[in-house]
Amino acid sequence: MSSPDWRAIEALRAPRLERLFADDPARVAKFSVDIAGLHFDWSKTHLTGDAIAAFESLAKAQDLSGKREALFRGEPINATEGRAAEHTAERGEGSEDSVARAGMLHARMRALIDAIEAEALGPIAHILHIGIGGSALGPDLLIDALGRDEDRYEVAIVSNVDGCAMEEAFARFDPTATLLVIASKTFTTTETLLNATSALEWMREGGVEDAYGRVVALTADPDKAVEWGVDETRILPFAESVGGRYSLWSSIGFPAALALGWEAFEELLEGAGEMDRHFRLAAAHENAPVLAAFADLFYTQVKGAQTRAVFAYDERLRLLPSYLQQLEMESNGKSVGADGTPVGRATAPVTWGGVGTDAQHAVFQLLHQGTHLIPVEFVAVVEPGDALADDHHEQLLLNCFAQGAALMKGRANDADPARAYAGDRPSATILIEVLDPRALGALIAFYEHRTFVNAVLLGINPFDQFGVELGKEMAKAAGQGGLDFDPSTTDLIKRALG
Ligand code: F6P
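Residues numbered from 1 in each chain as written. Predicted model: local features only at pLDDT ≥ 70, side-chain atom pairs only at ≥ 80, totals over all residues. Heavy atoms only, no water.

### With respect to the pattern of salt bridges
For the coordinates displayed, the defined rule picks out 29 salt bridges. The salt bridge partner of R438 is E270, with a shortest N-O separation of 2.9 Å. In this pair, R438 is assigned in helix α17 (residues 437-458) and E270 in helix α12 (residues 262-281), connecting sequence segments 168 residues apart. Relative accessible area serves as the criterion here: at 33%, R438 is assigned to the partly exposed category. The exposure class of E270 is partly exposed, given its relative accessible area of 39%. (Salt bridge = Lys/Arg side-chain N within 4 Å of Asp/Glu carboxyl O. Helix = DSSP H or I, 4+ residues; strand = E, 2+ residues; numbered from the N terminus. Buried < 20%, exposed > 50% of the residue type's maximum accessible area, 1.4 Å probe, protein only.)

### Quick notes on the sheet that holds strand β3 (residues 126-130)
Overall, parallel pairing links the 5 strands, which are arranged β4-β3-β5-β6-β7 in an open sheet. Strands at the two margins of the open sheet, each flanked by one partner only, are β4 (154-158) and β7 (235-237). Neighbour-to-neighbour, the strand axes of this sheet turn through a mean angle of 15 degrees, independent of strand direction. Sitting on the sheet, helix α8 (residues 163-172) is in contact with β3 and β4, with an inclination near 165 degrees to β4. (Pairing = 2+ DSSP bridges. Axes fitted to C-alpha atoms, helices over the stretch in contact; angles between N-to-C directions. Contact = heavy atoms within 4.5 Å.)

### Some points on the domain arrangement of the chain
Assigned domains of the chain: these are domain 1 (4-81 + 269-464), domain 2 (95-260) and domain 3 (468-497). Summarising the inter-unit geometry, the C-alpha centres of domain 1 and domain 3 are found 39 Å apart. (Domains from an automatic or database assignment.)

### Considerations on a nonpolar patch on the surface
Together, L470, M474 and L483 make up a nonpolar patch on the protein surface, roughly 250 Å² of accessible area in all. Relative to the assigned elements, L470 resides in helix α18 (residues 469-479). (Patch = residues over 30% accessible without salt bridge, like charges linked within 9 Å, V, L, I, M, F, W, Y side chains within 5 Å. Areas by Shrake-Rupley, 256 points an atom, 1.4 Å probe, with all protein chains shown as cover.)

### A few points about the nonpolar core
Counting 106 residues, the largest nonpolar core has F40, F254, L317, I432, L440 and Y447 as its most contacted members. Of all the elements, α17 adds the most residues to this core, at 14 residues. Two domains each put at least three residues into this core: domain 1 (4-81 + 269-464) and domain 2 (95-260). Residues contacting Y447, with those up to four places away along its chain left out, are R308, V310, L320, L324, L327, E328, E377, V379 and I430. In terms of nonpolar packing, the next biggest core, distinct from the first, is built from 25 residues, A169, L200, M203 and V208 among them. (Core = buried A, V, L, I, M, F, W, Y, C linked by side-chain atoms within 4.5 Å.)

### As for the site of the ligand
Near the ligand you find 13 residues, and of these S135, S184, T186, T189 and E330 are the closest. K185 places a main-chain nitrogen or oxygen 2.7 Å from an oxygen atom of the ligand. For the ligand, the protein covers 88% of the area, taking 400 Å² as the surface of the free molecule. A per-class count over the shell around the ligand returns 2 nonpolar, 8 polar and 3 charged. (Near = heavy atom within 4 Å. Polar contact = N/O pair within 3.5 Å; in protein donor to acceptor, adjacent residues only side chain to side chain. Nonpolar A, V, L, I, M, F, W, Y, C, P; charged D, E, K, R; others polar.)

### A look at the packing of aromatic side chains
Counting across every chain of the model gives 17 aromatic pairs. Pairing F170 with W202 gives two aromatic rings, centres 4.6 Å apart and planes at 10 degrees, and the pair type is stacked. Of the two residues, F170 is situated in helix α8 and W202 in helix α9 (residues 190-205); the sequence distance between them amounts to 32 residues. Among the aromatic residues, those joined into a ring-pair cluster are F72, Y246, F279, F452 and F463. (Phe/Tyr/Trp six-rings, centres within 6.5 Å; stacked < 30°, edge-to-face > 60°.)

### Topic: α8
All of the buried residues along α8 are M166, A169 and F170. Seen from one end, α8 has its buried residues packed into an arc of 100 degrees, which puts them on one side. Those residues of α8 that are exposed and angled more than 90 degrees off the buried face are E167, E168 and A171. Packed against the buried residues of α8 are β3, β4 and α9. (Arc of directions from axis to C-beta.)

### Focus on the sheet that holds strand β8 (residues 307-313)
With respect to topology, 6 strands assemble into an open sheet ordered β1-β2-β11-β10-β8-β9, the strand pairing being mixed. Only two strands of the sheet have a single neighbouring strand rather than two, namely β1 (32-35) and β9 (350-355). For this sheet, the mean inter-axis angle between neighbouring strands, taken without regard to orientation, is 15 degrees. Pairing between β1 and strand β2 (residues 38-41): 4 bridges, direction antiparallel. The partner of S32 across the bridge, within β2, is D41. Against the sheet, helix α14 (residues 320-332) contacts β8, β9 and β10 (376-381), and its axis sits at roughly 170 degrees relative to β9.

Dropping the structure here:
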């Protein structure tokens, strides 16, 4: 049964968006936040003063400020795994001990980068980074977003155990000039270890005598990396209390720091730190992650939205939706609360999205005229990333803004319903002044904190991920022939694998 705070939220009613704007000339300013070179405009959502007040009351009841402090203080808020969640310490915001430890590990990372740049491991032109989930998505996003004009190293990030993915990298790279980076928090992930074994083999076959001498391991379990054969001097550890999907700030960011340069990596951390301080100190109605989480919950709890869509109107951010899928769905795709009892309400919506303007010609039909209510988020950059004539970027941005306006305004057409647009469809926009490491750091930290606020208000633990275990175990057991599958699965295995 809902608490009085949830009942007040469930009872919220919001007029049409256009009415909200007509009634309040200051609406844009009221529902916008500027921080760290990012402009967050949540005015085209149905948030109202009443909604904010109702969510603030829920936040109080759920002790959001206490839990936020516990996060920053490094208390063991990940109760099911009995540990803290200390990704903010990586960017200098956390307990003194954790910040000092993160600083020490960063110094070690930097020293190895300096050594590689000085060719201590021989001449390196290619970085083959092997990892999956949180050990791949973050570095991939960073390098794709910020590394387009960099020619220091060519980087391939391989995650899938499908050999086609490895073969693609092998075809591009020279094994004698490749640094093999194995990223795995646990150093037990079967896909990663199999891919790494194949990569070593490829290096040996390609004439590298001491292939292990070109291996760097990024992990929270250095002993396992040593057991696997990696030399201790090339293991970059990070704290167990940094979750996989929150780990790009730690040594998992190594390929990005190497490819983009140490200075860029530091700026990334600083940008995230600025967002941390904003999240920690700003009042709820001026706090970007908190405001965004209130809107998220408004749509899932009041309006029954089951998905939310993120469209990057910038080619450099094309990997953002996949990054967010892991962050949001692995964190908050839960059915039981932190106390183990059923949550009893919808938790994380499905996060999906794509790149504008491509997506306009593929999926926006449903956004404008479909039957699902889908809160949309646009992410755009003011400063162009390209050097082509201005009209490319202008077209891109105008398309982005026009989509938000069209979703909200709609267009009646009684004579021809197929050409009618209901309108009143919500969107939020994040406008980045310049896409540099600082801004990207702040953007990612914003998403992390928003995910955390959603979790706290729903009463769930965003830092475990037991949902991924069952399938892994069954695949392992199947490989060892030790599992009786259902008839359909048995038949599929027989057909495909004999
Ligand atoms: O299977 C899920 C998961 O544990 C993610 O949480 C994690 O990011 C990914 O696998 C990779 O794990 P690891 O870094 O330990 O190889």
